[in-house]
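# Observations on the three-dimensional arrangement
What follows is each chain in one-letter form.
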Amino acid sequence: EVQLVESGGGLVQPGRSLKLSCVASGFTFNNYWMTWIRQAPGKGLEWVASITNTGGSTYYPDSVKGRFTISRDNAKSTLYLQMNSLRSEDTATYYCTRFAYWGQGTLVTVSS
Amino acid sequence: DVVMTQTPPSLSVAIGQSVSISCKSSQSLVYSDGKTYLHWLLQSSGRSPKRLIYQVSNLDSGVPDRFSGTGSQKDFTLKISRVEAKDLGVYYCAQTTHFPLTFGSGTKLEIK
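Given the structure is predicted, the values throughout are model-derived calculations rather than measurements.

## Some thoughts on the nonpolar core
Residues and elements named next belong to chain A. Of all hydrophobic cores here, the largest spans 27 residues; its most connected members are Trp36, Leu79, Leu81, Met83 and Tyr94. Taken together, the elements giving at least two residues each to this core come down to β3 (18–25), β4 (34–39), β5 (45–51), β7 (68–73), β8 (78–83), β9 (92–97) and β10 (106–110). Here the element with the most residues in this core is β3; it accounts for four residues. Once residues within four sequence positions are removed from consideration, Leu79 is found in contact with Leu20, Ser21, Cys22, Phe29, Met34, Thr35, Trp36, Ile51, Ile70, Ser71, Arg72 and Cys96.

This is the structure in structure tokens:
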């Protein structure tokens, strides 16, 4: 059974950092691109970052470029999202996904 | 950026009826490999999104054939035949052909 389990969310002050993790199981992790998607409270889905299966290339929208870094450890079947210089508009539930499968999400709240 | 225009924003339907949701993209979603990376997702209340259909018309495993996807280039449709109570939630179209990845704004399906 495929599972994606996110962790690392919480309440953080504006300007601070947070690192999310997503542990994958039930499939060959290093065969797949992985993606982070977020959803602000009561809003739609927004793409945050993607990474190739080897980790050799990463992709970001302008809204997080330069602040967020996606990475992966294929030996640990784990995906990461390092979020720096957090803003109130980054408040959302963050999902780890390979689109066919989604994690349960982890809530990040940016507030003073 | 590719803008995904999804209509209608909401639908109210009786059990057993059929409904269609439209998704139009501002650019062709045909990738250089000839495939069209347009997908449909369902997010039930309080749950993570779940992919129903990938590459326009391919049903994910376990998705009943009451769901069907059609379309090409820039114009796509999700049809749900014989709606059941468990179909309620918010439906999103998503394109993964072009970066940044983008989503429709969602269609909320309610049961009369």
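## Describing the environment of Asn53 of chain A
Residues and elements named next belong to chain A. On the secondary structure map, Asn53 appears in the loop between β5 and β6 (58–59). Here Asn53 falls in the partly exposed class, since its relative accessible area comes to 24%. Once residues lying within four places of it in the same chain are set aside, the contact partners of Asn53 are Asn30, Asn31, Tyr32, Trp33, Arg72 and Asn74.

## Focus on the pattern of salt bridges
Here the structure, examined in full by the defined rule, presents nine salt bridges over all chains. In this structure, Asp90 of chain A and Arg38 of chain A form a salt bridge, with 2.9 Å as the shortest nitrogen-oxygen distance. On the criterion of sequence distance, the pair formed by Asp90 of chain A in the loop between β8 and β9 and Arg38 of chain A in strand β4 is long-range, its members being 52 residues apart. Both residues of the pair, Asp90 of chain A and Arg38 of chain A, count as buried. Of the charged contacts in the structure, one is a salt bridge between Asp87 of chain B and Arg66 of chain B, with a shortest N-O distance of 2.8 Å.

Calculation criteria
Along each chain, residues carry numbers from 1 onward, in the same order as the chain's sequence is written. Both sets of labels track the order of writing: A upward for chains, 1 upward for ligands. Predicted model: local features are reported for residues with pLDDT of at least 70 only, side-chain atom pairs are reported and counted for 80 or more only, and whole-chain, interface and lining totals are derived from all residues. To obtain the side-chain values, all non-hydrogen atoms of the structure were used and water was disregarded. Among buried residues, the Ala, Val, Leu, Ile, Met, Phe, Trp, Tyr and Cys ones that are joined through side-chain atoms within 4.5 Å form a nonpolar core. Burial classes: relative accessible area under 20% of the type maximum marks a residue as buried, over 50% as exposed, and values in between as partly exposed (1.4 Å probe, protein chains only). Every helix listed is a DSSP run of H or I at least four residues long, and every strand listed is a run of E at least two residues long, numbered separately from the N terminus. Here, residues are in contact when the closest pair of their heavy atoms is within 4.5 Å. A side-chain nitrogen of Lys or Arg and a carboxyl oxygen of Asp or Glu constitute a salt bridge if their distance falls within 4 Å.

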